[in-house]
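Residues per chain, in single letters:
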Amino acid sequence: MSIPMHQLPEQQPSVWQPTSVEEAIQLKHKWGKDAVLVAGGTWLRTRWENGLAPIPQHFISLGRILVLSGLTVNSQGQVHIGPALSIAELMKNELVQQKCELLVQACSEIAAPSIRNLASIGGNVMTRTGDLIPALLVMDAQIQCTDGQNERTIGLKEWLTAPLDAPDEIMTGIIVQTGGAGSQDGKENAAKIPEDAKSTDGQLVVAEEPKSTHEFYFKVGRREAFTPSVVTVAGRISLQSDGTVTDIALAAGGGNAVPARFTALEAGMIGKPLNKAALQILHKGVITDFDAVADDYAGVAYRKQTAANLIMSECFKAWRKGGGAYAP
Ligand SMILES: Cc1cc2nc3c(=O)[nH]c(=O)nc-3n(C[C@H](O)[C@H](O)[C@H](O)COP(=O)(O)OP(=O)(O)OC[C@H]3O[C@@H](n4cnc5c(N)ncnc54)[C@H](O)[C@@H]3O)c2cc1C
């Protein structure tokens, strides 16, 4: 698709290539609504091509600001992802492959490789509907932003629900915690033995059962691959060997829905056994709580049902792996 002639601006847009965040902010302040920050430009392109937004006079490229394309890990196991890092680069990173399997899986579901070479992680999040967001929500990601005066770090969950009142902010980082989220596909994790698990004679008293953790990410589109999302779900659930839920994080999005966690449902499941009744309550709860948005291709009811079926079936798998399905 190309941009129709009548939508092209009279003057060729200027492309600015700042080398620091401060310079980019100054340019944004200078040109205001006539300027747009551009990372990969792949989402912006679709807006212009579909006539959803005018092409501005000034593009402020983030591509030369090196600090926005880095990836570092600190001693606490926090991975700091530069928002201008491309999806393809993130997927190739060995550390991310080892520690953030859910994120790598989400990346692999986005567009085609040629788009992933350009498309950035931050751009995906800034659209507020990107397919990476459900995975990042489940990983309890935080984002860092600055307006040139103040820097702030805010949970992605909170950022998504906050009013859009900071249009000149630049996202400078996405932070995810690794090491505590368990392993993919139900692999066993030994639970940490708490400090107070020692008796007075120094003998070890095992107070906590071993647990298993199951993670999942699914994107349902209008075809098998290279497709916009109709529904995207992600989750993580940890069970003790007796089937008690010790940790759960569930998120859904897709289409024009702003992805969100199912916080109330999660709270209702912690510390309780995962059984048939709990799965039924979960299914009903997802249908009620998922704020799906209809478009020309799929209605709200279909999206809610699909999200509920996917989430419930993945929790069922976690339950079955824990032996629950065969319990009396
Ligand atoms: C053919 C095609 C297929 C696609 N398929 C998918 C898909 O399957 N799933 C999906 O989620 N998306 C898809 N997209 C949309 C898009 O590619 C992704 O969302 C991508 O990750 C956006 O990143 P970008 O770097 O191109 O963002 P850009 O287009 O550069 O920017 C997106 C928005 O974020 C803002 N922005 C970017 N970086 C920053 C920053 N650091 N600070 C503040 N604001 C910033 C920009 O100003 C703009 O408003 C597709 C696009 C195309 C063209």
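Here the residue index of a chain counts from 1 through its sequence in written order. Given that this is a predicted model, residues contribute local features only at a pLDDT of at least 70 and side-chain atom pairs are listed and counted only at 80 or more, while totals for whole chains, interfaces and linings are drawn from all residues. Side-chain numbers here rest on the full set of heavy atoms in the structure, without hydrogens or water.

Here we look at the sheet that holds strand 2 (residues 35–38)
Part 1: At least two bridges found by DSSP between two strands is the condition for calling them paired. For the purposes of this entry, the term helix denotes a DSSP run of H or I that reaches at least four residues, the term strand denotes a run of E that reaches at least two, and both are numbered from the N terminus. Strand order in this open sheet of three strands is 1-3-2, and the pairing throughout is parallel. Looking at which strands have only one partner, the edges of the open sheet turn out to be strand 1 (14–16) and strand 2. Between one strand axis and the next, the sheet turns through 25 degrees on average, direction left out of account.
Part 2: Note: strand 2 against strand 3 (residues 58–61), four bridges, orientation parallel. For alanine 35, the partnering residue across the bridge sits in strand 3 and is histidine 58.
Part 3: Across the sheet, helix 1 (residues 21–31) lies against strand 1, strand 2 and strand 3, angled at about 165 degrees from strand 3, the strand it touches most. Axes, fitted as lines to C-alpha atoms, cover a helix only where it is in contact. Angles between the N-to-C directions of the axes lie from 0 to 180 degrees. We call two residues contacting when some pair of their heavy atoms lies within 4.5 Å.

Quick word on the sheet that holds strand 7 (residues 151–155)
Part 1: As summarised here, the arrangement of the five strands in space is 4-5-8-6-7, forming an open sheet in which the pairing is antiparallel. Edge strands, defined here as strands with exactly one partner in the open sheet, are strand 4 (71–73) and strand 7. Strand-to-strand twist of the sheet, defined as the mean angle between neighbouring strand axes without regard to direction, takes the value 20 degrees.
Part 2: Relative to strand 8 (residues 170–177), strand 6 (residues 142–146) runs antiparallel, the two being bridged by five bridges. Paired with isoleucine 143 across the two strands is isoleucine 174, which belongs to strand 8.
Part 3: Sheet contacts for helix 1: strand 6 and strand 8; angle to strand 8, the most-contacted strand, approximately 135 degrees.

Quick notes on the site of the ligand
Part 1: Being near a molecule or strand, for a residue, means having at least one of its heavy atoms within 4 Å of it. Neighbouring the ligand are 29 residues, the closest being Leu37, Gly40, Thr42, Ser120 and Asp131.
Part 2: A 3.5 Å cut-off defines polar contacts: any pair of N or O atoms within that distance qualifies, except that in protein one atom must be a possible hydrogen donor and the other a possible acceptor, and neighbouring residues in sequence count only when both atoms are side-chain atoms. Measuring from an oxygen atom of the ligand, one finds a backbone N or O atom of leucine 37 at 2.6 Å.
Part 3: Alanine 39 has a polar backbone atom sitting 2.9 Å from an oxygen atom of the ligand.
Part 4: If you list the elements that add at least two residues to the shell around the ligand, you get strand 2, helix 2 (42–49), helix 7 (121–126) and strand 8.
Part 5: Broken down by element, the residue count for the shell around the ligand peaks at four residues, all from helix 2.
Part 6: Amino acids are sorted into nonpolar (Ala, Val, Leu, Ile, Met, Phe, Trp, Tyr, Cys and Pro), charged (Asp, Glu, Lys and Arg) and polar (every other residue, Gly among them). Here the residues of the shell around the ligand are counted per class, giving 16 nonpolar, nine polar and four charged.
Part 7: Taken together, domain 1 (12–61) and domain 2 (67–161 + 168–177) each give at least three residues to the shell around the ligand, which thus spans both. Start and end points for every domain follow an automatic or database-based domain assignment.

Let's talk about the packing of aromatic side chains
Part 1: Think of it this way: a Phe, Tyr or Trp ring, Trp meaning its six-membered ring, pairs with another when their centres are within 6.5 Å, and the plane angle makes it stacked under 30 degrees, edge-to-face over 60, tilted otherwise. Inspection of every chain in the model, using the stated rule, returns four aromatic pairs.
Part 2: A centroid spacing of 5.8 Å and a plane angle of 35 degrees characterise the contact between tryptophan 16 and tryptophan 31, whose relative ring orientation is tilted. Here tryptophan 16 is found in strand 1, whereas its partner tryptophan 31 is found in helix 1, with 15 residues between them in sequence.
Part 3: Each residue's exposure class comes from its accessible area (1.4 Å probe, protein chains only) as a fraction of the maximum for that residue type: buried when under 20%, exposed when over 50%, partly exposed otherwise. Owing to a relative accessible area of 25%, tryptophan 31 belongs among the partly exposed residues under this scheme.
Part 4: Across the ring face of tryptophan 159, the terminal group of arginine 128 is positioned such that the distance to the ring centre comes to 4.1 Å. Two thresholds decide whether a charge sits over a ring: the Lys NZ or Arg CZ must be within 6 Å of the ring centre and within 35 degrees of the ring normal.

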